[in-house]
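Summary of the model geometry
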Amino acid sequence: MINNNILKKYWEDNEEKFKGIAKSVPYQAKGIWYTEAFLFCSICDILGVNAIIESGMANGCSTELFANYFDFDILVYDNNQYGIFEETSNRLKKYNNLHMFNGDSNKLIPETVELNKDAKLGIFIDGPKGFGARELRDNLLKFDNILCFGFHDYAGQNKYDIGLFDNSFITHELKFIDEFRYLDKKVIDTKPGQSKYKNG
């Protein structure tokens, strides 16, 4: 089981990797914070995940960070709620390990998991939010090959609607991450208004 000490050691060992990715990947409006992405990537790496499925892409900030962090396949499903799926997918098509699909996550993700039972999966839910995110997660609990879940915007009402979980880690509540907050500088520099929000 993962604990804070294991995570802290992982972050110390991989700080240079974090710095390199944070420097090279541009921040996208309303996107995931770098420390939030690295926490999910850390957990996936420690657990031996070998593919990530993401629900919701929007401007593709988390998607691009995942594609840079890992060499294995990243599958993303997005319903084009913001009307920018084509624009984002065109910008990110340079990543050979990234596969983006326009469609309903609630239907397509369970189907994908069912077809890839030999894979060790990490699921990242960046949409739907709130109760919808919890429902999607609950519908996937029947699959033994999902090793972890991650949620974006896990704070405030969204956190309340999603609910609390055993053996969970929240970026803005982990004390050891305080010394790595400089990794989020690009978020504030790019979108100063983001500083009032907590990352999940």
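My aim in this report is to walk through the structure given alongside it, one point at a time.

Moving on, we get to the pattern of salt bridges. Scanning the model with the defined rule gives eleven salt bridges in all. A salt bridge links Asp189 to Lys185; the nearest nitrogen and oxygen atoms lie 2.6 Å apart. Pair noted here: Asp189 and Lys185 are both in helix α9 (residues 185-190), with a separation of four residues, about one helical turn.

Let us look at the sheet that holds strand β3 (residues 98-102). Each strand in a sheet pairs with another by means of backbone hydrogen bonds, the pair being arranged parallel or else antiparallel. Ordered in space as β3-β2-β1-β4-β5, the five strands form an open sheet in which the pairing is parallel. Because the sheet does not close on itself, it has two edges, and the strands there are β3 and β5 (146-151). Here the strands of the sheet are splayed against their neighbours by 15° on average, with no regard to which way each runs. Most of the contacts of helix α6 (residues 105-115) go to strand β1 (residues 51-55), to which it runs at about 165°, and overall it touches β1, β2 (74-78), β4 (121-125) and β5. Sheet strands in contact with helix α7 (residues 130-140) are β1, β4 and β5, and its direction is about 180° off that of β5.

Attention shifts here to the environment of Cys41. With respect to the helices and strands, the residue Cys41 is situated in helix α3 (residues 34-47). As a C-alpha pair, Cys41 and Tyr154 span 113 residues in sequence and 16 Å in three-dimensional space. Among residues more than four places away in sequence, those in contact with Cys41 are Phe66, Tyr69 and Phe70.

Turning our eyes to something else, we now look at the packing of aromatic side chains. The final tally for this structure, using the stated rule, is 14 aromatic pairs. Considering the side-chain rings of Phe151 and Phe165, the 5.6 Å spacing of their centres and the 0° angle between planes classify their relative orientation as stacked. Here Phe165 lies in the loop between α8 (156-162) and α9 and Phe151 lies in strand β5, a separation of 14 residues in the sequence. Taken as a pair, Phe151 and Phe165 share a single burial class, namely buried. Through a chain of ring-to-ring contacts, the aromatic side chains of Trp11, Phe18, Phe38, Tyr69, Phe70, Phe72, Phe176 and Phe180 assemble into a single cluster. Over the face of the ring belonging to Tyr69 we find Lys17, whose NZ or CZ atom lies 3.8 Å from the ring centre.

With that out of the way, let us pick up the side chain of His152. Here His152 shows up in the loop between β5 and α8. A relative accessible area of 4% places His152 in the buried class. Among the polar contacts listed, one links the side chain of His152 to the side chain of Glu36, at a separation of 2.9 Å. Not counting residues up to four positions away in its chain, the partners in contact with His152 are Lys30, Gly31, Ile32, Glu36, Phe124, Ile125, Asp126, Lys129 and Asn158.

By size, the foremost hydrophobic cluster in this structure holds 45 residues, and its most contacted members are Trp11, Phe38, Ile52, Leu65, Phe66, Tyr69 and Leu98. For this core, the secondary-structure elements that each account for two or more residues are α1 (4-13), α2 (15-24), α3, α4 (61-69), β2, α5 (85-92) and β3. Ile53, Ile109, Leu121 and Ile123 belong to the second-largest nonpolar core, a separate cluster that totals 20 residues.

Our next topic: α5. Among all positions in α5, only Phe85, Thr88, Ser89 and Leu92 are buried. Down the axis of α5, the smallest arc covering the buried residues is 95°, so these residues share one side. Residues Glu86 and Glu87 are exposed on α5 and point more than 90 degrees away from its buried face. Residues of α5 that are buried in the fold lie against α4, β2 and β3.

It is worth spelling out the state of the cysteines at this point. Enumeration over the complete set of coordinates arrives at zero disulfides. The closest cysteine sulfur to the non-disulfide-bonded Cys61 is located on Cys41, 12 Å from its own sulfur. The class of Cys61 is buried, set by a relative accessible area of 3%. Cysteine Cys148 remains unbridged, with the sulfur of Cys44 as its closest cysteine sulfur at 3.7 Å.

Reading the values: the criteria
- Residues numbered from 1 in each chain as written.
- Predicted model: local features only at pLDDT ≥ 70, side-chain atom pairs only at ≥ 80, totals over all residues.
- Heavy atoms only, no water.
- Salt bridge = Lys/Arg side-chain N within 4 Å of Asp/Glu carboxyl O.
- Helix = DSSP H or I, 4+ residues; strand = E, 2+ residues; numbered from the N terminus.
- Pairing = 2+ DSSP bridges.
- Axes fitted to C-alpha atoms, helices over the stretch in contact; angles between N-to-C directions.
- Contact = heavy atoms within 4.5 Å.
- Phe/Tyr/Trp six-rings, centres within 6.5 Å; stacked < 30°, edge-to-face > 60°.
- Buried < 20%, exposed > 50% of the residue type's maximum accessible area, 1.4 Å probe, protein only.
- Lys NZ or Arg CZ within 6 Å of the ring centre and 35° of its normal.
- Polar contact = N/O pair within 3.5 Å; in protein donor to acceptor, adjacent residues only side chain to side chain.
- Core = buried A, V, L, I, M, F, W, Y, C linked by side-chain atoms within 4.5 Å.
- Arc of directions from axis to C-beta.
- Disulfide = S-S within 2.5 Å.

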